[in-house]
Amino acid sequence: MADIIPLIVIFAVLGIVLFVMLTRRGKGMLFGGRIIKTYDGVSAKRRMIASKIKVHVIDGGGENKVGLELVTTSLGSYQMMPATLPAAEARKLAALLLEAADYHAKH
């Protein structure tokens, strides 16, 4: 009977990880609110590493927030990092991204 307890713990942890990775409700828990809408996002691949960024609208109580889901995958590896931003900070990030994308170095 004592041999089964570690197996139960391993399957419980695996179940929680799969719940968070595969469901909107699970991801919403990571962002600190319910996911209202998801935008497809952008992706990039460099050699054997693939990166994808999805954008979510998060119900943050009185004010909606923006959730960024940064996913990096490679052979045998998966990493997801959530980031939740207030709307004002998300607008600043958008402006910085536009500025960086349009930057031309002056030589």
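See the structure printed just above.
Predicted, not measured: the structure shown is a model, and the values here were computed from it.

A.B. asks: I'd like a description of the overall build of the protein, backed by residues and values.
C.D. replies: Helices and strands together make up the secondary structure of the protein, namely 3 helices and 4 strands. Moving toward the C terminus, one meets the helices and strands of the protein in the order α-α-β-β-β-β-α. Here the protein has a C-alpha radius of gyration of 18 Å; the compact-globule value for 107 residues is 13 Å, and the former is much larger. Along the first, second and third principal axes, the C-alpha atoms of the protein reach 70 × 45 × 20 Å. Sorting the 107 residues of the protein into buried and exposed places 15% on the buried side. Here the analysis covers contacts within the protein between residues at least 6 apart in sequence; of these, 23% occur between residues at least 24 apart. For the protein, the accessible surface area stands at approximately 8500 Å², while carbon and sulfur atoms represent 65% of it.

A.B. asks: Before we move on, can you summarise unusual backbone geometry with the specific residues and values?
C.D. replies: Despite not being glycine, Arg47 has its phi angle at roughly 55°, a positive value. Secondary-structure assignment places Arg47 in the loop between strand 1 (34-46) and strand 2 (49-60).

A.B. asks: Describe the sheet that holds strand 4 (residues 77-86), with residues and values.
C.D. replies: Ordered by their spatial adjacency, 4 strands build an open sheet running 1-2-3-4, and the pairing between neighbours is antiparallel. At either end of the open sheet lies a strand with only one pairing partner, and these are strand 1 and strand 4. Going from strand to strand, the sheet's axes swing by 15° on average, the running direction of each strand aside. One ladder, built from 10 bridges, connects strand 1 with strand 2; its direction is antiparallel. Its bridge partner being in strand 2, Lys45 is matched across the sheet by Ala50. Packed on one face of the sheet, helix 3 (residues 87-101) meets strand 3 (63-74) and strand 4 and runs near 115° to strand 4.

A.B. asks: Provide a residue-level description of the pattern of salt bridges, including the pertinent values.
C.D. replies: Evaluated as defined, the whole model comprises 4 salt bridges. Between Arg34 and Asp59 there is a salt bridge whose closest N-O contact spans 3.9 Å. With Arg34 in strand 1 and Asp59 in strand 2, this pair connects stretches of sequence that are 25 residues apart. Linking Asp40 and Lys52 is a salt bridge whose minimum nitrogen-to-oxygen distance equals 3.7 Å. Of this pair, Asp40 sits in strand 1 while Lys52 sits in strand 2; the two residues are 12 residues apart in sequence, bridging distant segments of the chain. A relative accessible area of 57% means that Asp40 is categorised as exposed. According to the relative accessible area criterion, Lys52 is partly exposed, its value standing at 30%.

A.B. asks: Any details on the environment of Gln79? Residues and values, ideally.
C.D. replies: Mapping Gln79 onto the fold places it in strand 4. Along the backbone, Gln79 and Asp102 are 23 residues apart, and their C-alpha atoms lie at a distance of 29 Å. If near-sequence neighbours (up to four positions away) are discounted, Gln79 is found in contact with Leu70, Val71 and Thr72.

Parameters and conventions
- Numbering of residues begins from 1 in every chain and follows the order in which that chain's sequence is written.
- Restriction of local features to residues with pLDDT of at least 70 applies here, the model being predicted, together with a cutoff of 80 or more for giving and counting side-chain atom pairs; totals for whole chains, interfaces and linings are based on all residues.
- Here the side-chain values reflect all heavy atoms present in the structure, with hydrogen atoms and water set aside.
- Numbered from the N terminus, helices here are DSSP runs of H or I no shorter than four residues, and strands are runs of E no shorter than two.
- We take the radius of gyration over the C-alpha atoms and set the globule estimate at 2.2 Å times the residue count to the 0.38 power.
- Only protein chains enter the accessibility calculation, which uses a 1.4 Å probe; a residue is then buried when its area is under 20% of its type maximum, exposed when over 50%, and partly exposed in between.
- Any pair of residues with heavy atoms lying within 4.5 Å of one another is described as a contacting pair.
- For the area figures, the Shrake-Rupley method with a 1.4 Å probe applies, and any residue is considered shielded solely by the protein chains shown.
- By definition, two strands form a pair when at least two bridges between them are found by DSSP.
- The convention used is that axes are lines fitted to C-alpha atoms, helices contributing only their stretch in contact, and that angles between N-to-C directions extend from 0 to 180 degrees.
- The working definition used for a salt bridge is a side-chain nitrogen of Lys or Arg within 4 Å of a carboxyl oxygen of Asp or Glu.

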